[in-house]
Amino acid sequence: MAEASDEMKHSLAKSKAALSHNLSKGEAAEESVRTFFRNHLPSSLGVAKGQVIDCQGERSKQIDIIIYDSFRTPILFTSEEGGHQLVPSEGVLAAIEIKSYVDSSHATGILANMASVKSLDKSAYFPPRGILKTKTYVHGLEYDYFPTLYFLFAYDSGSLPTLGAEFDRQLTALPIDKRLDCACVLSKGVLVNTQRDGTIDAVPGPETKLSSYATGNALLLFYILVTRYLLQAETRPIELRRYIPDNWAI
């Protein structure tokens, strides 16, 4: 993981040196992080970029990384050139926003991007059958599906405690399940959800506070926290018929 972290930093440095256009640099930074997750997650978890759509026709903003159940999720569209995909929300487990640099001034925009994902409907499933019915417990809440998590990944930032305090200030007014889950700043540490006893987690709960955790192994800590949920996530079969508009005729 230390080598992977160094490779990501080196990849960003090369991009900055070789590319003059900020958009191209940003795309190179995003692809480096996508490559990391493709290489370190099991094949059952797909890694894409694009938009998330729900059965009401609502769409998220453009998402840098979409992690989804690749065994159960049909991809509704893939562009030929950019590889952008349209993924039904029911199969999405997490979204990750990537930034080369982040500070407190970016918090409002990041939370708006997050809201565009977490506000999407997740109800287009086939009804559960049999005597076994799976429940998911996240954010101190009970779900009959896996809620979409939202993470931030940045290569560098301003003061990590200041960044954490600004996010915590804005997130306090939101319902627990509609908050930013956690964030990684590769050069500094991780923004984690801390329990009263000092235990840290990737997702907020009823009694947690978002706080900064400085470490030279930010990528490893972030990976461990995030995969604690991703590797346990289960999705139900998606009923694509629910995506057909009522006024559409075959």
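The rules we used
Residues numbered from 1 in each chain as written. Predicted model: local features only at pLDDT ≥ 70, side-chain atom pairs only at ≥ 80, totals over all residues. Heavy atoms only, no water. Helix = DSSP H or I, 4+ residues; strand = E, 2+ residues; numbered from the N terminus. Rg over C-alpha atoms; globule rule 2.2 N^0.38 Å. Buried < 20%, exposed > 50% of the residue type's maximum accessible area, 1.4 Å probe, protein only. Contact = heavy atoms within 4.5 Å. Areas by Shrake-Rupley, 256 points an atom, 1.4 Å probe, with all protein chains shown as cover. Lys, Arg positive; Asp, Glu negative; His and termini not counted. Charge placed at Lys NZ, Arg CZ, Asp CG, Glu CD. Salt bridge = Lys/Arg side-chain N within 4 Å of Asp/Glu carboxyl O. Pairing = 2+ DSSP bridges. Expected span 1.5 Å × (residues − 1). Patch = residues over 30% accessible without salt bridge, like charges linked within 9 Å, V, L, I, M, F, W, Y side chains within 5 Å. Axes fitted to C-alpha atoms, helices over the stretch in contact; angles between N-to-C directions. Parallel < 35°, antiparallel > 145°, perpendicular 65-115°, else oblique. Left-handed = near helix turned anticlockwise from the far one by under 90°. Nonpolar A, V, L, I, M, F, W, Y, C, P; charged D, E, K, R; others polar. Core = buried A, V, L, I, M, F, W, Y, C linked by side-chain atoms within 4.5 Å. Phe/Tyr/Trp six-rings, centres within 6.5 Å; stacked < 30°, edge-to-face > 60°.

Enquirer: What is the right way to look at the overall build of the protein in this model?
Expert: Scanning the protein from terminus to terminus reveals 5 helices and 12 strands. Over its C-alpha trace the protein gives a radius of gyration of 18 Å, about what one expects of a compact globule, namely 18 Å for 250 residues. Referenced to the eigenvectors of the C-alpha coordinate spread, the extents of the protein come out at roughly 55 × 50 × 30 Å. Classification of the 250 residues of the protein by burial places 49% in the buried group. Taking as baseline every contact in the protein between residues at least 6 positions apart, the subset at least 24 positions apart corresponds to 70%. With the model as given, the accessible surface of the protein reaches about 12,700 Å², and the carbon-plus-sulfur share is 51%. Of the charged side chains in the protein, 26 are positive and 29 negative; the average position of the first set lies 2 Å away from that of the second.

Enquirer: Just checking my understanding: could you explain the pattern of salt bridges for this structure?
Expert: Pairing between side chains of opposite charge can happen when their charged atoms approach one another. Here the structure, examined in full by the defined rule, presents 12 salt bridges. Note that Glu-97 and Lys-99 form a salt bridge whose closest N and O atoms lie 3.8 Å from each other. On the accessibility criterion, Glu-97 (6% relative accessible area) is buried. Arg-228 serves as the salt-bridge partner of Asp-201, at 3.2 Å between the closest nitrogen and oxygen.

Enquirer: Is there a simple way to explain the pairing of strand β10 (residues 189-194) in this structure?
Expert: Put simply, side chains in a regular strand alternate between the two faces of the sheet. A large share of β10 lies buried, amounting to 6 of its 6 residues. In this structure, strand β9 (residues 182-185) lies alongside β10, joined through 3 bridges in antiparallel fashion. Paired with Ala-183 across the strands is Leu-191, a residue of β10. Remark: 3 residues form the turn of the hairpin made by β9 and β10, two consecutive strands paired antiparallel. Strand direction decides the pairing type here: β10 and strand β12 (residues 209-214), joined by 6 bridges, are antiparallel.

Enquirer: Teacher, can you tell me more about helix α5 (residues 218-230) here?
Expert: For an α-helix the count is 3.6 residues per turn, leaving residues at separations of three or four pointing the same way. Between its first and last C-alpha atoms α5 spans 18 Å; for 13 residues at 1.5 Å apiece the expected length is 18 Å, and the two agree. Judged by how many residues are buried, α5 sits mostly within the fold: 10 of 13 residues are covered.

Enquirer: I'm lost on the environment of Leu-41 in this one. Help?
Expert: Tracing the sequence through the fold places Leu-41 in the loop between α2 (22-40) and β1 (45-53). Residue Leu-41 is classed as buried on the basis of its relative accessible area, which comes to 8%. Along the sequence, Leu-41 and Leu-230 sit 189 residues apart, while their C-alpha atoms lie 9.1 Å from each other.

Enquirer: Please clarify how a nonpolar patch on the surface should be interpreted in this entry.
Expert: Taken together, Met-1, Leu-220 and Ile-224 make up a surface patch of nonpolar side chains, about 240 Å² in accessible area. Inspection of the secondary structure assignment puts Met-1 in the segment before α1 (2-18).

Enquirer: It is not clear to me how the packing of helix α3 (residues 107-118) against helix α4 (residues 160-171) should be interpreted in this structure. Could you clarify?
Expert: Any two packed helices are characterised by the angle at which their axes cross and by the distance between the axes. Interhelical geometry of α3 versus α4 gives an angle of 50 degrees and a closest axis separation of 10 Å. Considering the angle they form, α3 stands oblique to α4. The handedness of the crossing between α3 and α4 comes out as right-handed. The residues of α4 that touch α3, namely those facing Ala-107, Thr-108, Ile-110 and Leu-111, are Glu-166, Phe-167, Gln-170 and Leu-171. Of the residues assigned to the contact of α3 with α4, the class counts are 5 nonpolar, 2 polar and 1 charged.

Enquirer: Which parts of the structure should I look at to understand the nonpolar core?
Expert: One recurring pattern in soluble globular proteins is that nonpolar side chains are buried together. Ranked by internal contacts, the top residues of the largest apolar core, which has 37 residues, are Phe-37, Ile-67, Phe-151, Phe-153 and Phe-222. The set of elements that each furnish at least two residues to this core consists of α2, β1, β2 (63-69), β5 (92-102), β8 (149-157), β9, β10 and α5. Broken down by element, the residue count for this core peaks at 9 residues, all from α5. Excluding anything up to four places from it in sequence, Phe-37 contacts Val-47, Ile-65, Ile-67, Ile-96 and Phe-222. Ranked by size, the runner-up nonpolar core spans 27 residues in total, among them Val-52, Leu-163, Leu-171 and Leu-210.

Enquirer: Would you mind showing me how to read the packing of aromatic side chains here?
Expert: Aromatic ring pairs: the centre-centre distance and the angle between the two ring planes describe each pair. What the rule picks out here adds up to 6 aromatic pairs. Pairing Tyr-143 with Tyr-145 gives two aromatic rings, centres 5.5 Å apart and planes at 65 degrees, and the pair type is edge-to-face. When its relative accessible area of 25% is taken as the criterion, Tyr-145 is described as partly exposed. Taking 6.0 Å as the distance between ring centres and 90 degrees as the angle between the ring planes, the aromatic pair formed by Phe-151 and Phe-222 counts as edge-to-face. In this pair, Phe-151 is assigned in strand β8 and Phe-222 in helix α5, connecting sequence segments 71 residues apart. For the pair Phe-151 and Phe-222, a shared accessibility class is recorded, and that class is buried. Put simply, the rings of Phe-151, Phe-153, Tyr-155 and Phe-222 pair up and form one aromatic cluster.

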